[in-house]
Amino acid sequence: MRTALTRAVRLTAAAVTATAVALTVAVGPAQADLWQHTDGFESNPAAVWEFHRSGAGSGAFELGAGKARSGANNAILTTSAGGWSGVGKLLTVRPRTAGHSTTCGGGFFVQAVSGPAVLNVEVIDPASWTYLALRTVRITDTVWRRHDVASYANGPSEVFVRVSLLGGSGPVRVDDMAFQCTFFSN
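Keep in mind that this is a model prediction, so the values were computed, not measured.

## What about the overall build of the protein chain?
Right, so step 1: Counting secondary structure elements, the protein chain contains 2 helices and 12 strands.
Right, so step 2: The linear arrangement of helices and strands in the protein chain, starting from the amino end, is α-β-α-β-β-β-β-β-β-β-β-β-β-β.
Right, so step 3: Expressed as a percentage of the 186 residues in the protein chain, the buried residues total 38%.
Right, so step 4: Taking the contacts inside the protein chain whose residues are at least 6 apart along the sequence as the reference set, 77% of them involve residues at least 24 apart.
Right, so step 5: As presented, the protein chain carries roughly 10000 Å² of accessible surface, and 56% of it is formed by carbon and sulfur atoms.

## Here's the deal with empty space enclosed by the protein
Right, so step 1: As enumerated under the stated definition, the model contains 1 cavity of 30 Å³ or more in all.
Right, so step 2: Volume-wise, the largest cavity comes out at about 40 Å³.
Right, so step 3: Taken together, Gly106, Gly107, Phe108, Val121, Glu122, Val123, Val149, Val161, Met177, Ala178 and Phe179 form the lining of the largest cavity.
Right, so step 4: Contributing elements (two or more residues each) for the lining of the largest cavity: strand 6 (101-112), strand 7 (117-125) and strand 12 (172-185).

## Some thoughts on the sheet that holds strand 8 (residues 130-139)
Right, so step 1: Ordered in space as 2-5-11-7-8, the 5 strands form an open sheet in which the pairing is antiparallel. Since the sheet does not close on itself, it has two edges, and those belong to strand 2 (50-54) and strand 8, each with one partner. Recorded for the sheet is a direction-independent mean angle of 20° between the axes of neighbouring strands.
Right, so step 2: When strand 2 meets strand 5 (residues 84-92), the two strands line up antiparallel, connected through 5 bridges. When the bridges of strand 5 are listed, phenylalanine 51 appears paired with valine 87.

## Looking at the side chain of serine 164
Right, so step 1: Secondary-structure assignment places serine 164 in strand 11 (residues 158-168).
Right, so step 2: Separated by 3.3 Å, the side chains of serine 164 and glutamate 122 make a polar contact.
Right, so step 3: Dropping the residues within four chain positions of it, serine 164 is found in contact with Trp84, Ser85, Gly86, Val118, Leu119, Asn120 and Glu122.

## Brief notes about the pairing of strand 12
Right, so step 1: In terms of residue burial, strand 12 counts as a mostly covered element, since 11 of its 14 residues are buried.
Right, so step 2: Relative to strand 12, strand 4 (residues 73-78) is paired through 3 bridges, and the arrangement is antiparallel. The residue bridging leucine 77 from the neighbouring strand is valine 172, located in strand 12.
Right, so step 3: Pairing analysis gives 11 bridges linking strand 6 to strand 12, with the strands arranged antiparallel.

## A short note on the state of the cysteines
Right, so step 1: What the rule picks out here adds up to 1 disulfide.
Right, so step 2: Here cysteine 104 is linked by a disulfide to cysteine 181, with a sulfur-sulfur distance of 2.1 Å. Torsion about the S-S bond of the cysteine 104 and cysteine 181 cystine: about 115°, corresponding to right-handed handedness. Of this pair, cysteine 104 sits in strand 6 while cysteine 181 is found in strand 12, placing the two residues 77 residues apart along the sequence.
Right, so step 3: Given the relative accessible area of 0%, cysteine 181 is considered buried.

About the cut-offs
- Residues numbered from 1 in each chain as written.
- Predicted model: local features only at pLDDT ≥ 70, side-chain atom pairs only at ≥ 80, totals over all residues.
- Heavy atoms only, no water.
- Helix = DSSP H or I, 4+ residues; strand = E, 2+ residues; numbered from the N terminus.
- Buried < 20%, exposed > 50% of the residue type's maximum accessible area, 1.4 Å probe, protein only.
- Contact = heavy atoms within 4.5 Å.
- Areas by Shrake-Rupley, 256 points an atom, 1.4 Å probe, with all protein chains shown as cover.
- 1 Å grid on protein atoms, 1.4 Å probe; cavity = no way out; pocket = protein on both sides within 12 Å on 5 of 7 lines; lining within 4 Å.
- Points joined across faces, edges and corners; volume = space filled by probe spheres on them.
- Pairing = 2+ DSSP bridges.
- Axes fitted to C-alpha atoms, helices over the stretch in contact; angles between N-to-C directions.
- Polar contact = N/O pair within 3.5 Å; in protein donor to acceptor, adjacent residues only side chain to side chain.
- Disulfide = S-S within 2.5 Å.

None of this, on its own, says anything about what the molecule does.
See the structure below:
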């Protein structure tokens, strides 16, 4: 009886071990890697950021003006009826290995200066100038708040990130952009 019990325990232990090894090999742990880019307009913003506008929209940098959310510099956007303005930059997302899926997203801190505002937070494919991600935001107070786009999957390695003021009763300040991608493999 003891031999049969010992043999049953050994067979059960061997089966559990074989199952664990098979699951580890077949499924394996998924691995993720994170890439992030941040920019607070601190290091020569005119060299990397660009302003876009239509109609009566305009944009400028406030350098050392004491208005930034953090650091010394920020951008300011203005517009009036029928116009818009935006500030954005081209990003090269760290190259990913073939077979890895990617999820990316990000946003900006924005502060309405004197009243309500409507803005877009945008991620654009510069090859076709189409949106990869877009979020329209209505701001009703004058507090710095972060506004993000919804994440998108498996985009190109170059993207253009931008915040655009579409309308409202006054200018907005823009600062502290953060954009990140998670690379998954299994």
